[in-house]
Amino acid sequence: MAFGELDTMAIRQNLTVLSNTSGSVRRISVLGATGSIGQSTLDLVSRHSDLFSVEAITANCDAKGLAALAIRHHARIAVVADCAAYADLAEALSGTGIAAAAGPEALAEAAARPADCVVAAIVGAAGLLPTLAAVRQGRRVALANKECLVTAGELFMREVAASGAELLPVDSEHSAAFQAIGASQPDAIEQIMLTASGGPFRDWDMARIKAATPEQALRHPNWSMGAKITIDSASLMNKGLELIEAFHLFPVGVEQLSCVVHPQSIVHCLVAYRDGSVLAQMSSPDMRTPIALALSWPKRIDAPTKRLNLAALGQLTFEAPDETRFPALAVAREALAAGGAAPAVLNAANEEAVMAFLDKRIGFLDIVGVVSDTLEAAHGLNLIASVDRLDDILAVDANARRLARGFIENGR
Ligand code: NDP
């Protein structure tokens, strides 16, 4: 179902509270269960054991962490992407009755198992194939993995339409937009404004930002998240990736998407309409709110998050992003406007550069430098041309990573 097709009935149901009167428990699979979103999801699932049970859970290489989650949440199967982690997983699950498996095919099979909802919470383009495997089954997919849409947005949305999958956004800004759009006519939307906290360097000057360490960049003022998205938030590349994500999710053009810095992270997105109304969604910065909505939509369930006290907050502030100190936003916007494979190149180069920054092989501002250089080189090599097939997208991703590694290793 596309968001533009939401009907009034669905939105009215949205206001009711989910209660399990039918007695059927909905099976949830969690891809990326050991991560920040994965664990928040499992926390909600365990608080609502009358509503949800766990089918499959997956991780990359954290076999011990995954096995502990599988046992605690009574999963049917646990899968690690990294085959080298299989022995540890199998040993930790031995005698529990929980199946263990490893490797990319097992990951895709886990994603395709019968489930009422698959939470796509793997980080990076590594999540693309397993998430597509869930989409192809026509499942409800609660999408946290924004890199899927950045890398392969058009193909991904085509697959959603073809399979009849129900795609629900988990990213807080997109969940907020989804709620603020509700049953409105798509052509009534003038602007979707994603908010950005501004990250830990919001009021730092250029010299300090240039010298920023991974430890400083990992200290996000409001959100507790995995390392990659935390670095993306510090550079504002995260907001660029989210603009691309929003372009694929919502029925608007590039020029209708904007970003405003809101340091308190209370308002997650604002949707402006042609009649002058602006609808916003607010909540404390805790991902369990949007995850709960994606699990239970069109109903709502309890989420154990801090309630808003606006009088205590006193003020909510907004400011324009500074694209001189945070050039990643403009680079991502240009890639979106260029279309074709440019967003896939942007994403691949950014993943490589963020890893290199976390390993202290490059400086903070080199992240966006590597991304720009890779986009330019990819353009010169004609890699940016429109890509339609999955194999071509995967080849672009691999080539862009090779180019980016070259810039990282040989200096720019
Ligand atoms: P984390 O780094 O906390 O967790 C990532 C998860 O993905 C882990 O389970 C990890 O397994 C698994 N994983 C990593 N690499 C691979 C791989 N190659 N193959 C299979 N599995 C892999 O990430 P987050 O939870 O922070 O983010 C997940 C996604 O959600 C990202 O796309 C992010 O942008 C998005 N998101 C996150 C938000 C947040 O608050 N955290 C907010 C909005 C969106 P292992 O533990 O074994 O490494």
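Above this text sits the structure in question.
Nothing here was measured: the structure is a model prediction, and the numbers come from that model.

(A) Spotlight on the nonpolar core. If you look at the biggest cluster of nonpolar residues, it comprises 136 residues, and the most contacted ones within it are Ile57, Phe156, Ile192, Leu346 and Phe364. A total of ten residues in this core trace back to one element, the largest contributor, which is helix H16 (residues 342-358). Filtering out sequence-adjacent residues up to four positions away, Ile192 remains in contact with Ala177, Ile181, Phe250, Val252, Gln256, Leu257, Ser258, Cys269, Leu270 and Val271.

(B) Structural context of the site of the ligand. The immediate surroundings of the ligand are formed by 24 residues, with Thr34, Cys61, Glu147, Asp171 and Gly226 found nearest. Starting from 900 Å² of accessible surface for the ligand in isolation, the protein chains cover 85%. Counting only elements with at least two residues in the shell around the ligand, the list comes to helix H2 (36-47) and helix H7 (146-163). Residue classes in the shell around the ligand are distributed as 13 nonpolar, seven polar and four charged.

(C) Fine view of empty space enclosed by the protein. This model, assessed by the stated rule, comprises three cavities of 30 Å³ or more. Here the largest cavity is characterised by a volume of approximately 50 Å³. Around the largest cavity, the lining residues are Ser235, Arg325, Phe326, Pro327, Ala328, Phe364, Leu365 and Val368. Among the elements that line the lining of the largest cavity, the one with the most residues is helix H17 (residues 364-380), at three residues. Its residues placed into classes, the lining of the largest cavity shows six nonpolar, one polar and one charged. The space that makes up the second largest cavity amounts to roughly 40 Å³. In terms of lining residues, the second largest cavity is bounded by Ser172, Ser175, Ala176, Gln179, Trp223, His268, Gln281, Ser283, Ser284, Asp286 and Pro290. With four residues, the single largest contributor to the lining of the second largest cavity is helix H8 (residues 172-181).

(D) Representation of unusual backbone geometry. Put simply, Trp297 and Pro298 share a cis peptide bond, and its omega is 15 degrees. Position of Pro298 among the secondary structure elements: in the loop between helix H13 (288-296) and helix H14 (310-313). A positive phi angle, near 60 degrees, is found at Lys360, a position not held by glycine. With respect to the helices and strands, Lys360 occurs in the loop between H16 and H17. Its relative accessible area of 55% is what places Lys360 among the exposed residues. The phi torsion at Asn382 lies on the positive side, around 65 degrees, for a residue other than glycine.

(E) Just the pattern of salt bridges, in detail. In total, this model carries 25 salt bridges according to the counting rule given. Where Asp43 meets Arg288, a salt bridge forms, and the shortest distance between an N and an O atom there is 2.9 Å. Taken together, the positions of Asp43 in helix H2 and Arg288 in helix H13 put the pair 245 residues apart, joining distant regions of the chain. Judged by its relative accessible area of 22%, Asp43 falls in the partly exposed class. Each of the salt bridges in this network shares a partner with another, and the network as a whole consists of Lys146, Asp171, Glu173, Lys239 and Glu242.

(F) Seen up close, the sheet that holds strand E11 (residues 278-282). One open sheet holds the four strands; their spatial order is E9-E8-E10-E11, and the pairing between them is mixed. Two strands lie at the open edges of the sheet, namely strand E9 (257-261) and E11, each paired on one side alone. Across the sheet, the mean angle from the axis of one strand to that of its neighbour is 20 degrees, orientation sign disregarded. Bridging between strand E8 (residues 189-196) and strand E10 (residues 267-273) involves five bridges; their strand directions are antiparallel. Residue pairing across strands places Leu194 opposite Cys269, the latter belonging to E10. Relative to the sheet, H8 contacts E8, E10 and E11, its axis offset from that of E10 by approximately 35 degrees.

(G) Seen up close, the sheet that holds strand E5 (residues 117-120). Spatially, E4-E3-E2-E1-E5-E6-E7 is the arrangement adopted by the seven strands of the open sheet, whose pairing is parallel. Where the open sheet ends on each side, the last strands, each with one partner, are strand E4 (99-102) and strand E7 (166-169). Neighbour-to-neighbour, the strand axes of the sheet open up by a mean angle of 20 degrees, direction not taken into account. Summarising the sheet, strand E2 (residues 52-59) and strand E3 (residues 77-80) pair through four bridges and their orientation is parallel. Bridge pairing in E3 places Ala59 opposite Val80.

(H) Seen up close, helix H5 (residues 104-112). Buried residues of H5: Ala106, Leu107, Ala110 and Ala111, and no others. Burial along H5 is one-sided: seen end-on, the buried residues are contained in an arc of 140 degrees. The outward face of H5, more than 90 degrees from its buried face, is lined by the exposed residues Glu105 and Glu109. Residues of H5 that are buried make contact with strand E1 (26-31), E2, E3, E4, E5 and helix H6 (128-136).

About the cut-offs
Residues numbered from 1 in each chain as written. Predicted model: local features only at pLDDT ≥ 70, side-chain atom pairs only at ≥ 80, totals over all residues. Heavy atoms only, no water. Core = buried A, V, L, I, M, F, W, Y, C linked by side-chain atoms within 4.5 Å. Buried < 20%, exposed > 50% of the residue type's maximum accessible area, 1.4 Å probe, protein only. Helix = DSSP H or I, 4+ residues; strand = E, 2+ residues; numbered from the N terminus. Contact = heavy atoms within 4.5 Å. Near = heavy atom within 4 Å. Areas by Shrake-Rupley, 256 points an atom, 1.4 Å probe, with all protein chains shown as cover. Nonpolar A, V, L, I, M, F, W, Y, C, P; charged D, E, K, R; others polar. 1 Å grid on protein atoms, 1.4 Å probe; cavity = no way out; pocket = protein on both sides within 12 Å on 5 of 7 lines; lining within 4 Å. Points joined across faces, edges and corners; volume = space filled by probe spheres on them. Salt bridge = Lys/Arg side-chain N within 4 Å of Asp/Glu carboxyl O. Pairing = 2+ DSSP bridges. Axes fitted to C-alpha atoms, helices over the stretch in contact; angles between N-to-C directions. Arc of directions from axis to C-beta.

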